[in-house]
Amino acid sequence: MEPWILATLGISLGLTLLLEGLIALVVGVRDKKDLLLVCLVNVLTNPAVVLCYHLNSAYIGINQVLVKLILEALAVLTEGLYYRKYASGIRYPFWFSVLANGFSFGVGLLLNKLI
Amino acid sequence: MKMKLKGMVKYAAALLLCLATLIMTYSVVLADVIWEPNDSFYKKHTDDCEYEDRTYIANGEKGYITVYKDPKSKEAEGYSENGNTYFVSFVYPKSAPEDKKWGIIEYQVEEKGIFTEPDGSKKTKTGWVKMEEMMVNYDHYSFYSDHREEFNDYSGGFDPFSYEDPILFWTFPGSGVIGSRIDMNNNQDMDLNFSYLYTDDEGQEWGYVGYFYASSGWVCLSDPTNEKLPVTAPNQEDLIKPSLPASVDLSDNDRAEGETPVAVIIIALVVGLVVITAVLIRIFWKKKPTASDSSETQKDA
């Protein structure tokens, strides 16, 4: 594993915060504390997901698509649980988590294909 | 009722946005078939490989480059002297900086541990090289980078069907290398489209064709069928003097050392970040009251 992985983690996190923040605004999340929670929950899950994906690629070698799906599902579940427990203005926490993660995942795939 | 409807509309809008990005992803396809190497590492990591499609010259600091079985292997397969030219089809991983990427090449074995560029005389194998040891072979992309300020738009006037001999597609103006010969008599239904024009130092006009039946290249509009156009490509400089290792030692201890501590540090950083974030959320966010909490509060009251 090379040190430049840290830059990858940083860029991925930055992009995720931007995209999921955007989705939060679209669905009507306006409470500042809830918006901050959205950011922190992604700081909690995104670097871990990206790192696990790279660790599998570097050292284990399980099918990458399967690993991606499992990691994203775990992230959606974790974020949904946090929103349900702590967010006061997110009415449908798990749906929000699915939408936000689906959107950032889709944009990530698109950027990968375009770049 | 109105508030609930408004909330549903917002979620529907977000869902549409989400679906649109996913659909767009699957709409971006490659028009032509791209040759893929028969390499087990490449097949396992296709998603993380990027199409390179360029020729490079071996230019290792020690006078040779090291060829590995794959980017994760700790032992070298062999060595190749500087000056050997290899076609790099794909690089890995996508997210790495340019000088940290690995490229997949095909080589032929001259003797145990010594490889050369394929010349068709022997069976080829695939291997991976560090891109920092490779020097790009001056090509169309290099030419574009050096001369793009001099390009102009094509304004028409070239009739490829007026030539009996095939139209020549050169790799770039002055390369001396013909990429394709196109007999326009066999392609009457499609005209050549020139993306941009370039005028060389001799005053010859060149037009770039980005795509024509899976071919691309530069046409000398002033002399499109002449196979003896002068070669004016810049000399390949900065090639480090070729040599080979004194003994073909196929282990690479330098790679094994240092890699594990870096991985451990990165893992520790991420775990630390996760723990700190979880603690912050727990301290600064109050748990939302559940239904059972509210009914107990009411009983107490």
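Predicted, not measured: the structure shown is a model, and the values here were computed from it.

1. Section: the pattern of salt bridges
Residues and elements named next belong to chain B.
Logical step 1: One pass over the structure, following the stated rule, counts five salt bridges over all chains.
Logical step 2: One salt bridge in this structure joins Asp-139 and Arg-54, with 2.6 Å as the shortest N-O distance. Of this pair, Asp-139 sits in the loop between strand 8 (134-136) and helix 3 (140-147) while Arg-54 sits in strand 1 (residues 50-58), and the two are 85 residues apart along the sequence. The pair Asp-139 / Arg-54 is uniform in exposure class, with both members buried.
Logical step 3: For Arg-181, the salt bridge is made with Glu-227, and the minimal N-O distance between the two is 2.9 Å. With a gap of 46 residues between them, Arg-181 in strand 10 (residues 178-182) and Glu-227 in the loop between strand 13 (215-220) and helix 4 (253-256) connect regions that are remote in the sequence.
Logical step 4: Because the salt bridges share partners, they merge into one network encompassing Glu-50, Glu-98 and Lys-101.

2. Section: the side chain of Thr-277 of chain B
Logical step 1: Note on placement: Thr-277 of chain B falls in helix 5 (residues 259-284).
Logical step 2: Contact partners of Thr-277 of chain B, with chain neighbours within four places excluded, come to Leu-40, Val-43 and Leu-44 of chain A.

3. Examining the side chain of Glu-133 of chain B
Residue and element names in this part refer to chain B.
Logical step 1: The topology assignment puts Glu-133 in the loop between strand 7 (125-130) and strand 8.
Logical step 2: The buried charged residue Glu-133 lacks any salt bridge partner; its closest oppositely charged side chain belongs to Lys-130, at an N-O distance of 5.8 Å.
Logical step 3: Engagement of the side chain of Glu-133 in a polar contact is seen with the backbone nitrogen of Thr-66, the distance being 3.2 Å.
Logical step 4: If we skip the residues at most four places from it in the chain, Glu-133 touches Ile-57, Ala-58, Asn-59, Gly-60, Ile-65 and Thr-66.

4. A look at helix 3 of chain B
Residues and elements named next belong to chain B.
Logical step 1: All buried positions along helix 3 are accounted for by His-140, Ser-142, Phe-143 and His-147. Taken end-on, helix 3 shows its buried residues confined to a sector of 160°, consistent with a single buried face.
Logical step 2: Each element contacted by the buried residues of helix 3 is listed here: strand 1, strand 8, strand 11 (194-199), strand 12 (205-212) and strand 13.
Logical step 3: Looking at where helix 3 begins, the residue whose side-chain oxygen comes 3.1 Å from the main-chain nitrogen of Tyr-141 is Asp-139.

So, how was this worked out
Residue numbers restart at each chain and count upward from 1, following the sequence in its written direction. Naming scheme: in the order in which they are written, chains are lettered from A and ligands are numbered from 1. Only residues with pLDDT of at least 70 are given local features in this predicted model, and only at 80 or more are side-chain atom pairs given and counted; all residues enter the totals for whole chains, interfaces and linings. Excluding hydrogens and water, the side-chain values take into account all heavy atoms of the structure. Every case where a carboxyl oxygen of Asp or Glu lies within 4 Å of a side-chain nitrogen of Lys or Arg is listed as a salt bridge. The helix count covers DSSP runs of H or I at least four residues long, the strand count covers runs of E at least two residues long, and both are numbered beginning at the N terminus. The buried label applies to any residue whose accessible area, calculated with a 1.4 Å probe on protein chains only, is under 20% of its type's maximum; exposed applies above 50%, and partly exposed to all values in between. Any two residues having at least one pair of non-hydrogen atoms within 4.5 Å are treated as being in contact. Charge convention: Lys and Arg are scored as positive, Asp and Glu as negative, and His as well as the terminal groups of each chain are ignored. Two N or O atoms form a polar contact when they lie within 3.5 Å of each other; inside protein one atom must be a possible hydrogen donor and the other a possible acceptor, and for residues adjacent in sequence the pair counts only when both atoms belong to side chains. Note: the arc covers the axis-to-C-beta directions of the helix.

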